[in-house]
Amino acid sequence: SLGIATPRSLALLDSERVTWLDTNVTLPLRAIVERTDVTFDGFCKKIGGIQGDGAFPLRIEGGSLVVRDRRISVSDLRDRLDDRYLLQERIHQHEIMSSLHPGSVNTVRLITFATRSTVELFAAAMRIGTHGKSVDNWAAGGVIVSIDPECGELRGEGFHKPGYGGRTPRHPDSDIAFEGFKIPYFAEAVELVSRLHGYLRDIHSIGWDVAITPEGPTIIEGNDDWEGGIPMVLERDFRKRFLEMCRAR
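In this text the structure is predicted, and so the values were computed from the model without any measurement.

Peer 1: Let's hear about the overall build of the chain: which residues, and what values?
Peer 2: When helices and strands are counted, the chain shows five helices and 15 strands. In terms of C-alpha radius of gyration, the chain reaches 19 Å, essentially the compact-globule figure of 18 Å for 249 residues. Seen through its principal axes, the chain has C-alpha atoms that stretch 55 × 40 × 30 Å. Burial statistics for the chain: of 249 residues in total, 48% are counted as buried. Taking all contacts inside the chain whose residues are at least 6 apart in sequence as the whole, residues at least 24 apart take part in 56%.

Peer 1: Talk me through the sheet that holds strand β5 (residues 56-61); I want residue IDs and the actual numbers.
Peer 2: Read across the sheet, eight strands follow the order β3-β2-β1-β8-β4-β5-β6-β7 without closing on themselves; strand pairing throughout is antiparallel. Taken across any chain shown, the strands that pair with only one partner, and hence form the sheet edges, are β3 (25-28) and β7 (70-72). Taken over all neighbouring pairs, the strand axes of this sheet differ in orientation by 30 degrees on average, direction set aside. Relative to strand β8 (residues 85-89), strand β1 (residues 9-13) is paired through four bridges, and the arrangement is antiparallel. Residue pairing for β8: alanine 11 is matched across the bridge by leucine 87.

Peer 1: Give a detailed account of the side chain of arginine 109, specifying residues and quantitative values.
Peer 2: With respect to the element layout, arginine 109 can be found in strand β9 (residues 108-114). One polar contact links arginine 109 to aspartate 209, side chain to side chain, over a distance of 2.7 Å.

Peer 1: Help me get a handle on the pattern of salt bridges, residues and values and all.
Peer 2: Overall, the coordinates contain 17 salt bridges when judged by the stated rule. Note that arginine 17 is salt-bridged to aspartate 14, the shortest N-O span being 2.7 Å. Look at arginine 17 and you get partly exposed, because its relative accessible area is 39%. Two residues, lysine 46 and aspartate 53, come together in a salt bridge whose shortest N-O distance is 3.1 Å.

Peer 1: Can you tell me about the packing of aromatic side chains, naming the residues and giving the values?
Peer 2: With the rule as written, the count across this model stands at seven aromatic pairs. Ring centres of phenylalanine 122 and phenylalanine 238 lie 5.8 Å apart, and the angle between their planes is 75 degrees; this geometry places the pair in the edge-to-face category. With a gap of 116 residues between them, phenylalanine 122 in strand β10 (residues 119-128) and phenylalanine 238 in helix α5 (residues 238-248) connect regions that are remote in the sequence. Here the aromatic rings of phenylalanine 238 and phenylalanine 242 are separated by 5.5 Å at their centres, their planes lie at 20 degrees, and the arrangement is stacked. In this pair, phenylalanine 238 and phenylalanine 242 both sit in helix α5, four residues apart, roughly one turn of the helix. A relative accessible area of 11% means that phenylalanine 238 is categorised as buried. Put simply, the rings of Phe113, Phe122, Trp226, Phe238 and Phe242 pair up and form one aromatic cluster. Above the plane of the ring of phenylalanine 56 lies arginine 80, whose end atom (NZ or CZ) is 4.9 Å from the centre. The side chain of arginine 241 reaches across the aromatic face of phenylalanine 122, ending 4.3 Å from its centre.

Peer 1: So, a nonpolar patch on the surface: which residues are in play, and what are the values?
Peer 2: Taken together, the side chains of Leu2, Tyr199, Leu200 and Ile203 define a hydrophobic patch exposed on the protein surface, amounting to about 350 Å² of accessible area. Relative to the assigned elements, leucine 2 resides in the segment before β1. Judged by its relative accessible area of 38%, leucine 2 falls in the partly exposed class.

Peer 1: Any details on the side chain of serine 205? Residues and values, ideally.
Peer 2: Its location among the elements puts serine 205 in strand β14 (residues 205-213). Judged by relative accessible area, serine 205 falls into the buried class, the value being 12%. At 2.9 Å, the side chain of serine 205 forms a polar contact with the side chain of tryptophan 226. Apart from the residues lying within four places of it in its own chain, the contact partners of serine 205 are Thr112, Phe113, His197, Asn223, Asp224 and Trp226.

Peer 1: A description of the sheet that holds strand β15 (residues 216-223) should follow, citing residues and the corresponding values.
Peer 2: Sheet architecture is open: seven strands sit in the order β13-β12-β11-β10-β9-β14-β15, paired in antiparallel fashion. Looking at the sheet topology across the chains shown, the edges are occupied by β13 (167-168) and β15. Across four bridges, the pairing between β10 and strand β11 (residues 143-148) is antiparallel. Bridging from a neighbouring strand, isoleucine 128 pairs with valine 143 of β11.

The rules we used
- Residues numbered from 1 in each chain as written.
- Predicted model: local features only at pLDDT ≥ 70, side-chain atom pairs only at ≥ 80, totals over all residues.
- Heavy atoms only, no water.
- Helix = DSSP H or I, 4+ residues; strand = E, 2+ residues; numbered from the N terminus.
- Rg over C-alpha atoms; globule rule 2.2 N^0.38 Å.
- Buried < 20%, exposed > 50% of the residue type's maximum accessible area, 1.4 Å probe, protein only.
- Contact = heavy atoms within 4.5 Å.
- Pairing = 2+ DSSP bridges.
- Axes fitted to C-alpha atoms, helices over the stretch in contact; angles between N-to-C directions.
- Polar contact = N/O pair within 3.5 Å; in protein donor to acceptor, adjacent residues only side chain to side chain.
- Salt bridge = Lys/Arg side-chain N within 4 Å of Asp/Glu carboxyl O.
- Phe/Tyr/Trp six-rings, centres within 6.5 Å; stacked < 30°, edge-to-face > 60°.
- Lys NZ or Arg CZ within 6 Å of the ring centre and 35° of its normal.
- Patch = residues over 30% accessible without salt bridge, like charges linked within 9 Å, V, L, I, M, F, W, Y side chains within 5 Å.
- Areas by Shrake-Rupley, 256 points an atom, 1.4 Å probe, with all protein chains shown as cover.

Structure below.
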């Protein structure tokens, strides 16, 4: 309603039922393959999930279900739905972003703070999937890299979360060097999240996940409990700046 790009949501799913959001009709789960008018390339994620836990791609084609190019049955889908899930349309990212790791939508994490008078960008980072995984989350083995907020370019080395690896100047799969890699539509992404945060000023800080499509930035979600570990690793003066932003409230 605000004219801000977000993925289109198709349905709510759990192990017993599907609720089609275009009609607000709830039916048994088997109905997901009974709508011949639905051809959908999407992504399922838990309503209350974090860190990409349990998320998976799902295509609906002519009454068939496909997960990662493998046809599955309604029973197979039921086994995957261990919680309540949201089915959203798949985001097709900009080819420059896909070059880093085509298996996942590689998102920009922007953290904004609402001060007394304005919304300010606090930190910017790139999250990149690895090893063919369909999520880019740091907790799932992805790489994080700092973004220079002045020019929208990656800077320094990439970091794996402890347990998945260490530092790396290049992507472990695509071998693309991080330093100087320019993010398309970065300034537009900052403007977009700042504008949306302006409508949500009672939330002091928000960590935004933004996908970059060929048409521009698309907001995937905003997190009020954003992952503090990412800017702690990437921002040398994190503690000082964080406390300053809190005092500015």
